[in-house]
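Descriptive analysis of the structure
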Amino acid sequence: MSHESDQFRFDTLAVRAGQQRTGESEQSEPIFPTSSYVFGSAAEAAARFAGEVPGNIYSRFTNPTVRSFEQRLAALEGGERCVATSSGMAAILSTFMALLQSGDHIVSSRAIFGTTSVLLNNYLAKFGVETTFVDLTDLDQWAKAIKPNTRLLFLETPSNPLTEVADIQALAGLAHQHDALLVVDNCLCTPALQRPLELGADIVIHSATKYLDGQGRCIGGAVVGREDVVGTDVYAFLRTAGPTMSPFNAWVFLKGMETLRLRMGAHCRNAQLLAEWLQQHSKVKQVHYPGLASHPQHALAAKQQQGFGGVLSFEVAGGKQAAWKVIDSTLLISITANLGDTKTTVTHPATTTHGRLTQEQRDAAAVSDSLIRVAVGLEDIEDLKSDLQRGLDLL
Ligand SMILES: *Cc1c(COP(=O)(O)O)cnc(C)c1O
């Protein structure tokens, strides 16, 4: 099982990795909804609890369906070990709790998922872990922010909603120069488009809720990396604290991964077409999408990623009222902040995902009132254009 990723290529691993067929000879992966497991004898129970023999003990930390999910995602990311969690936020929290202690310091991109900022500012800070926020694409700022007690560098690339792209290889080099770990939230690209571990990152975080599920059904997360970091410290935290993925959710994500690359390719194609159409539209001021030649990190994204992703954002003339008019004129596209779904979603970041920030913080993040984010789904591109055209006509 552990040599799978050496033997097989991505598309094979996506369909096959992590499957353990039972005595029932089932073709599709089974779900194991059981909280505990039965031991043959008191001696066997003792040996399993002591870790002397491998085997299932209790589903807070050992479940066959969850293990299949972990092995498949680890294979796709090229990591030694994956620990599945109950949500993307639980994956981030587990990583921080496992690897940091009071007095440690984090350098993080400012352009991260809003709830991750809250976790750092309101909770990690409470336990004596301080965070310095820097501009994702400014390597100088990252370097200057590092202190003797810096343990982690944290980022998402491309960022959401402005799709800025960070140089993972350069930041991994910087982190390692200072004995720090580089943690990359790979939610927007997924391993189908970007494999941060191959670029030198130490840990990959996932919100499986997004593209790994791919159809907006379940909440889940994962941490992927080396056995001596993820397999020991992160696993020990999960075993103790219990932010565990359910077997049913693991099964949904497991099946989602089988079509991940096909779906990501289709998301990328639709997003590229929509970005190009918006860019030439007279009512649109600016489009943010790494697949456009005008994007500041277009060349880096082309080198680092195997596709430009399914998320784009654009600015209309006329501020919040104009942006809301475009959003409210849609009949097909869903007004929701989720992403990574086959169904296209639209959101107004300034009043939703970034609504808790002060005006100054929003300005610093360049999230303007006229910005609209679209997570492009798999509908027919002409129908998506028509749905946005209706509101743009009113401006
Ligand atoms: C959604 C998201 C998260 C949080 O994941 P949950 O599954 O909602 O807890 C973290 N990072 C990014 C980039 C996300 O989009």
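Here is a short report on the structure shown in this document. Keep in mind that this is a model prediction, so the values were computed, not measured.

The subject of this paragraph is the pairing of strand S1 (residues 81-85). Within S1, four of the five residues are buried, which leaves the element mostly enclosed by the surrounding structure. Across five bridges, S1 lies against strand S7 (residues 221-225) in antiparallel orientation. Residue pairing in the sheet places Thr85 in a bridge with Gly221 of S7.

When helix H8 (residues 168-177) is considered as a whole, its buried residues turn out to be Ile168, Leu171, Ala172, Leu174 and Ala175. Down the axis of H8, the buried side of the element spans an arc of 160°, and every buried residue falls inside it. If you follow the buried residues of H8, they end up packed against helix H7 (139-145), strand S4 (150-156), strand S5 (181-185) and helix H13 (298-304). The N-terminus of H8 is capped by Asp167, whose side-chain oxygen sits 3.3 Å from the backbone nitrogen of Gln169.

Where helix H5 (residues 88-99) contacts helix H10 (residues 227-241), the two axes come as close as 8 Å, and the packing angle between them is 100°. Taken together, the axes of H5 and H10 are roughly perpendicular relative to one another. Facing Ser94, Thr95, Met97, Ala98 and Leu99 of H5, the residues of H10 in contact are Val229, Asp233, Val234 and Phe237. Tallied by class, residues from the contact of H5 with H10 come to six nonpolar, two polar and one charged.

In the vicinity of the ligand, the residues found are Ser87, Gly88, Met89, Phe113, Glu156, Asp185, Cys187, Ser207, Thr209, Lys210 and Gly220. One of the side-chain N or O atoms of Thr209 is found 2.6 Å from an oxygen atom in the ligand. Contacts to the ligand include Lys210, whose side-chain N or O atom sits 2.6 Å from an oxygen atom. Looking at the shell around the ligand residue by residue, the classes come out as three nonpolar, five polar and three charged.

Spanning twelve residues, H5 covers 17 Å between terminal C-alpha atoms, matching the ideal 16 Å at 1.5 Å per step. Buried residues of H5: Gly88, Ala90, Ala91, Ile92, Ser94, Thr95, Phe96 and Leu99, and no others. Structurally, the start of H5 carries an N-cap: the backbone nitrogen of Met89 is 3.4 Å from a side-chain oxygen of Ser87.

The rules we used
Residues numbered from 1 in each chain as written. Predicted model: local features only at pLDDT ≥ 70, side-chain atom pairs only at ≥ 80, totals over all residues. Heavy atoms only, no water. Buried < 20%, exposed > 50% of the residue type's maximum accessible area, 1.4 Å probe, protein only. Helix = DSSP H or I, 4+ residues; strand = E, 2+ residues; numbered from the N terminus. Pairing = 2+ DSSP bridges. Arc of directions from axis to C-beta. Contact = heavy atoms within 4.5 Å. Polar contact = N/O pair within 3.5 Å; in protein donor to acceptor, adjacent residues only side chain to side chain. Axes fitted to C-alpha atoms, helices over the stretch in contact; angles between N-to-C directions. Parallel < 35°, antiparallel > 145°, perpendicular 65-115°, else oblique. Nonpolar A, V, L, I, M, F, W, Y, C, P; charged D, E, K, R; others polar. Near = heavy atom within 4 Å. Expected span 1.5 Å × (residues − 1).

By themselves, these observations are geometric and do not establish any function.
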